[in-house]
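Descriptive structure summary
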Amino acid sequence: MKTDSPLPSELLLLLLQLQAGALRWRVQRAGSQAGLPRLLLLHGTGSSLQSWAPCLPGLAEHFSLLIPDLPGHGGSEGFADGQASPARMAQALGELLAALDWQPELVAGHSAGAAVMVQMCLDGLLPQARGLLAINGALQPLPGLMGVVAPAVAKLAARSGDWLPAWVTRHAGQPRALKNLIASTGSRLDEAGVQHYRELLAQPAHVRGVLDMLASWRLEDLQARLPELRTPLWLAAGLADRTVAPVQSLELARWLPGASFHPLTGLGHLAHEEAPEVVNALLLGLRDATRDRATTLPAYGQP
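Residues numbered from 1 in each chain as written. Predicted model: local features only at pLDDT ≥ 70, side-chain atom pairs only at ≥ 80, totals over all residues. Heavy atoms only, no water.

A closer look at the environment of Ile67
Put simply, the rule is: Strands are runs of DSSP state E lasting at least 2 residues, helices are runs of H or I lasting at least 4, and numbering of each runs from the N terminus. Throughout, a contact is declared for two residues whenever any of their heavy atoms are within 4.5 Å.
As for its position among the elements, Ile67 is in strand E4 (residues 64-68). When the C-alpha atoms of Ile67 and Arg26 are compared, they prove to be 8.8 Å apart, with 41 residues separating the residues in sequence. If we skip the residues at most four places from it in the chain, Ile67 touches Arg26, Val27, Gln28, Leu41, Leu49, Trp52 and Leu56.

Right, here's the structure in full:
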């Protein structure tokens, strides 16, 4: 994870704790708030709003930014019943936006954050959104047996009580284990990026939130509804991604109305942390490409 320069002092940067719906949230606001397009940034499973920090210097002068920790991640409270499905995540974020009286015109989601982004759009929770950017978007179920086994294992782990999150905090943050974990994504992070994940893995509540999300993650319904999506979707895929196969984004772009494929050469799953300037350029391009068009494409089933 790298950033070229600090955020200019004249641009707003706030880290807030607030109640919205049934949850206590940690939210970051950045950028000049007057007259700029509003951009919502959603991180992926196991990460936090801090993963977007490398992008902020390049975005804050162009956008009014809102960056939340997803439920159960970082500094945001998890669901009391542990049910953290895409639809539940989307609903909770909708309540957050309503509490802030803030609606984005553009949204970017990384990995599972992209699935939450699309779910919000399909559920009518992003009525002003005119463009979506998925970065290594996890928009399809895991293939074959893994799609059955992985959620089942996560569900067992989520029911394990406190011992498993405590065990993870003791072992996953060890230098070799953490190095292997990050390398398995196909990305290379600097020390600041590694430290971000080291700090997250030291928090049992965060680990519990990750397990809850993995145990509840079913994308079959979302996948079936994808043809209903009428908001332009840019699918950016790191060609070195070892977590979500880039061919998934390519295939989606071929048949999904209003979608386009954007390869990220040499980048892995954490592309926005590796090369923020590349992702920022995509967001500026999406802003320009959608500036003068209607908020959405024609309704599903209409010409």
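From this point, the discussion proceeds with the structure in view.
Some remarks on the sheet that holds strand E7 (residues 233-238)
What counts here: Only when DSSP finds a minimum of two bridges between them are two strands counted as paired. Here, axes are lines fitted to C-alpha atoms. For helices the fit covers the stretch in contact, and angles between N-to-C directions go from 0 to 180 degrees.
Ordered by their spatial adjacency, 8 strands build an open sheet running E1-E2-E4-E3-E5-E6-E7-E8, and the pairing between neighbours is mixed. Each of the sheet's edge strands pairs with one partner strand only, and the pair in question is strand E1 (13-20) and strand E8 (259-264). Ignoring strand direction, the axes of neighbouring strands in this sheet form an average angle of 20°. Across 6 bridges, the pairing between E7 and E8 is parallel. Paired with Ala237 across the bridge in E8 is Pro263. This element, helix H2 (residues 86-100), spans E1, strand E2 (23-30), strand E3 (38-42) and E4 of the sheet and lies at about 60° to E2. In this fold helix H10 (residues 246-255) packs onto E7 and E8, with an angle of close to 155° to the strand it touches most, E8.

Structural notes on the nonpolar core
What counts, and what does not: Residues enter a nonpolar core if they are buried and are Ala, Val, Leu, Ile, Met, Phe, Trp, Tyr or Cys, with the set joined through side-chain atoms within 4.5 Å. Burial status follows relative accessibility: with a 1.4 Å probe on protein chains alone, a residue under 20% of its type maximum counts as buried, one over 50% as exposed, and anything between as partly exposed.
Counting 45 residues, the largest nonpolar core has Trp25, Leu42, Met117 and Leu233 as its most contacted members. Counting only elements with at least two residues in this core, the list comes to E1, E2, E3, H2, helix H3 (112-122), strand E6 (131-135), E7 and H10. When residues in this core are grouped by element, the largest group, 9 residues, is from H3. Sequence-distant contacts of Leu42, that is, excluding residues within four places in its chain, are made with Trp52, Pro68, Leu70, Leu93, Val107, Ala108, Gly109, His110, Gly113, Val116, Met117 and Met120. In this structure, Leu106, Trp234, Val279 and Leu284 belong to the second largest nonpolar core, which totals 27 residues.

Some details on the packing of aromatic side chains
This is how the line gets drawn: Each Phe, Tyr or Trp ring (for Trp, its six-membered ring) is paired with any other whose centre lies within 6.5 Å, and the angle between the two planes then decides the class: stacked below 30 degrees, edge-to-face above 60, tilted in between. The rule is short: NZ of Lys or CZ of Arg within 6 Å of the ring centre and within 35 degrees of the ring normal puts a charge over the ring.
Overall, the coordinates contain 0 aromatic pairs when judged by the stated rule. The ring of Phe79 has Arg88 sitting right over it, with the charged end atom 4.2 Å from the ring centre.

As for helix H7 (residues 191-201)
Note the cut-off: Here the arc refers to the directions that run from the helix axis out to each C-beta atom. Within 3.5 Å is the distance limit for a polar contact, defined as a pair of N or O atoms, with the added protein rule that one can donate a hydrogen and the other accept it, and that residues adjacent in sequence qualify only through two side-chain atoms.
All of the buried residues along H7 are Gly193, Val194, His196, Tyr197, Leu200 and Leu201. All buried residues of H7 lie within an arc of 150° about the axis, which places them on one face of the element. The N-cap residue of H7 is Asp190: its side-chain oxygen and the backbone nitrogen of Ala192 are 3.2 Å apart.

Points about unusual backbone geometry
Positioned with a positive phi, Asp101 is a non-glycine residue whose angle comes to about 50°. Mapped onto the elements of the fold, Asp101 is located in the loop between H2 and strand E5 (106-110). For Asp101, a relative accessible area of 72% puts it in the exposed group. A positive phi angle, near 55°, is found at Ser111, a position not held by glycine. You can see Ser111 is positioned in the loop between E5 and H3.

Some remarks on the packing of helix H6 (residues 175-183) against H7
How two helices pack is summed up by the angle between their axes together with the distance between the axes. Note the following rule: Handedness of each helix crossing follows the sense of rotation of the near helix against the far helix: counterclockwise by less than a right angle gives left-handed, clockwise gives right-handed. Here the term charged refers only to Asp, Glu, Lys and Arg, the term nonpolar to Ala, Val, Leu, Ile, Met, Phe, Trp, Tyr, Cys and Pro, and the term polar to all other amino acids, Gly among them.
Running from amino to carboxyl end, H6 crosses H7 at an angle of 115°, the nearest separation of the two axes being 11 Å. Remark: the crossing between H6 and H7 carries right-handed chirality. On the side of H6, the interface is formed by Leu178, Leu181 and Ile182, while H7 contributes Val194, Tyr197, Arg198 and Leu201. Among the residues forming the contact of H6 with H7, the class breakdown is 6 nonpolar, no polar and 1 charged.

Observations concerning the pairing of E3
Most of E3 is tucked away, with 4 of its 5 residues classed as buried. Where E3 and E4 come together, 3 bridges link them in parallel fashion. Of the residues in E4, the one forming a bridge with Leu40 is Leu66. Across 4 bridges, the pairing between E3 and E5 is parallel. By the bridge assignment, Leu42 is partnered in E5 with Gly109.

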